[in-house]
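Coordinates in review
Take a look at the letters that make up each chain.
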Amino acid sequence: MATAAIKPSAEAACRLRRGGAVKTEGQWLKAPKEKVMAKDVIIACDFSSKEQTLAFLDKFTGRKPFVKIGMELFYAEGPAIVREIKARGHKIFLDLKLHDIPNTVRKAMSVLSRLDVDMCNVHAAGTVDMMRAGLEGLTREDGTRPLLIAVTQLTSTSEERMQKELLIDATINDCIAKYAENAKEAGLDGVVCSPLEASLVKEHCGKEFFTITPGVRFADSSKDDQVRIMTPAQAREIGSDYIVVGRPITAAENPVAAYERCCKEFLGE
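Here goes a summary of the coordinates provided. Remember, it's a predicted structure, so these values are computed and weren't measured experimentally.

Along the backbone of the protein chain there are twelve helices and ten strands. A buried classification covers 51% of the 269 residues belonging to the protein chain. Restricting the contact set of the protein chain to residue pairs at least 6 apart, pairs at least 24 apart contribute 66%. In the structure as shown, the protein chain presents an accessible area of about 13000 Å², 50% of it carried by carbon and sulfur atoms.

Here you go:
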């Protein structure tokens, strides 16, 4: 039996046009995001300059990998590096992890939205109101927006450190599950989490809620400063939607071969 479409109130419709999420007749409605992408491997371009970054990307002559631009590169080169990499045909995850009062995050996201990136993020610890504000700011006048995800706990944070240094009196799994639930309530598309917690997030938030997982290493790679890690094949098995891989690709003797290995293990290519 078909169900009637839910019509938001005038006030709710206005909020949706601004990019917010509203609850109508017991259901959450969100502003439309841009076309959802399939699973993918995202290369963390954690370089300190435009020259290093473009020299690295020039190695990929046959394809255009999905790339992550983080704080180091963005702060060194500014928005221009985003525009140049986008013009080359790459999808971009802009990883700036906004965390501030709601109004500041809303205004910052409205600026980042103009860069035409494919994904960006906030810290889930900033509260539901902050995440909703970020979503509103990110949404363009025509209703489109990049994917917006929230960081739960950094993969360098162990449960012991979280409890002793951050004074969070919960298990790390309970904290991540709650942060993910808050992100979903705010209308976000998914969360950044360790691959060890991807299945947990799916259990609490549903299969359509994206999990973007750093902390992925080849079985024969160094762990570096990551604590909660998995291999690409393991990340695929437990349901990660996107994996973010940095040094195992960028520091490899043959980055293209390392990337192709990662795609084969995670995507089955």
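Having seen the structure, we can now continue with the description.
We now examine unusual backbone geometry. Positive phi is not limited to glycine here, since Lys-97 has a value of about 50°. Residue position: Lys-97 is located in strand β5 (residues 92-98). Residue classification places Lys-97 among the partly exposed positions, given a relative accessible area of 22%. The phi torsion at Thr-127 lies on the positive side, around 90°, for a residue other than glycine. Inspection of the secondary structure assignment puts Thr-127 in the loop between β6 (119-123) and α6 (128-138). Taking relative accessible area as the criterion, Thr-127 reaches 43% and is therefore assigned partly exposed.

Our next topic: the environment of Arg-236. Within the fold, Arg-236 resides in helix α10 (residues 232-237). Its relative accessible area of 36% is what places Arg-236 among the partly exposed residues. Spatially, the C-alpha atom of Arg-236 lies 7.4 Å from that of Leu-267, the residues being 31 residues apart in sequence. Beyond its immediate stretch of four places on either side in the chain, Arg-236 contacts Lys-39, Lys-264, Glu-265, Phe-266 and Gly-268.

The pairing of strands in a sheet happens through backbone hydrogen bonds and is either parallel or antiparallel. Reading around the circumference, β3-β4-β5-β6-β7-β8-β9-β10 is the order of the eight strands in this closed barrel, with parallel pairing throughout. In this sheet, neighbouring strand axes are inclined to one another by 25° on average, regardless of whether the strands run parallel or antiparallel. By the bridge criterion, two bridges tie strand β9 (residues 210-213) to strand β10 (residues 242-245) in an arrangement that is parallel. Bridge pairing links Thr-213 to Ile-243 in β10. Packing against the sheet, α6 makes contact with β5, β6 and β7 (147-151), and its axis sits at approximately 155° to β7.

For the rest of this paragraph, the subject is helix α2 (residues 50-57). Those residues of α2 that fall on the buried side of the exposure criterion are Thr-53, Leu-54, Phe-56 and Leu-57. Taken down its axis, α2 places every buried residue within 155° of arc, on the same side.

Quick look at the pattern of salt bridges now. Inspection of every chain in the model, using the stated rule, returns 14 salt bridges. With a closest N to O distance of 3.4 Å, Arg-261 and Asp-220 form a salt bridge. Here Arg-261 is found in helix α12 (residues 255-267), whereas its partner Asp-220 is found in the loop between β9 and α10, with 41 residues between them in sequence. What makes Arg-261 partly exposed here is its relative accessible area of 33%. For Asp-220, a relative accessible area of 60% corresponds to the exposed category.

The tally for this structure, following the rule as stated, stands at six aromatic pairs. With centroids separated by 5.3 Å and ring planes inclined at 45°, the aromatic side chains of Phe-47 and Phe-56 adopt a geometry described as tilted. Note on accessibility: Phe-47 and Phe-56 belong to one class, buried. Measuring from centroid to centroid gives 5.8 Å for Phe-210 and Tyr-242, while their planes differ by 75°, and the two rings are edge-to-face. Here Phe-210, found in strand β9, pairs with Tyr-242, found in strand β10; they are 32 residues apart in sequence, far enough to count as distant. As far as burial versus exposure is concerned, Phe-210 and Tyr-242 are alike and both buried. Among the aromatic residues, those joined into a ring-pair cluster are Phe-47, Phe-56, Phe-60 and Tyr-259. Taking the ring centre of Phe-218 as reference, the NZ or CZ of Arg-261 above it sits at 4.1 Å.

Conventions adopted
- Numbering of residues starts from 1 in every chain and runs along the sequence as written.
- Two thresholds apply to this predicted model, a pLDDT of at least 70 for residue-level local features and 80 or more for giving and counting side-chain atom pairs, whereas whole-chain, interface and lining totals are computed over all residues.
- Values reported for side chains reflect all heavy atoms of the structure, with hydrogen atoms and water molecules removed beforehand.
- Each helix is a run of H or I in the DSSP string that is no shorter than four residues. Each strand is a run of E no shorter than two, and both are numbered from the N terminus.
- Whether a residue is buried, partly exposed or exposed follows from its accessible area with a 1.4 Å probe, protein chains only, as a fraction of its type maximum: under 20%, in between, or over 50%, in that order.
- Whether two residues touch is decided by their heavy atoms; if any such pair falls within 4.5 Å, the residues are in contact.
- Computed by Shrake-Rupley with a 1.4 Å probe, the accessible areas treat only the displayed protein chains as cover when residues are assessed.
- For two strands to pair, DSSP has to find at least two bridges joining them.
- Axis lines are fitted through C-alpha atoms, for helices just across the contact stretch, and the angle between N-to-C directions can take any value from 0 to 180 degrees.
- Within this analysis, the arc is defined by the directions that extend from the helix axis to the C-beta atoms.
- Within this document, salt bridges are pairs made up of a side-chain nitrogen of Lys or Arg and a carboxyl oxygen of Asp or Glu, the two lying within 4 Å of each other.
- The aromatic pairing rule takes the rings of Phe, Tyr and Trp, using the six-membered ring of Trp, and pairs them if the centres are within 6.5 Å, calling planes under 30 degrees apart stacked, those over 60 edge-to-face and the rest tilted.
- The criterion for a charge sitting over a ring is simple: Lys NZ or Arg CZ within 6 Å of the ring centre, and within 35 degrees of the ring normal.

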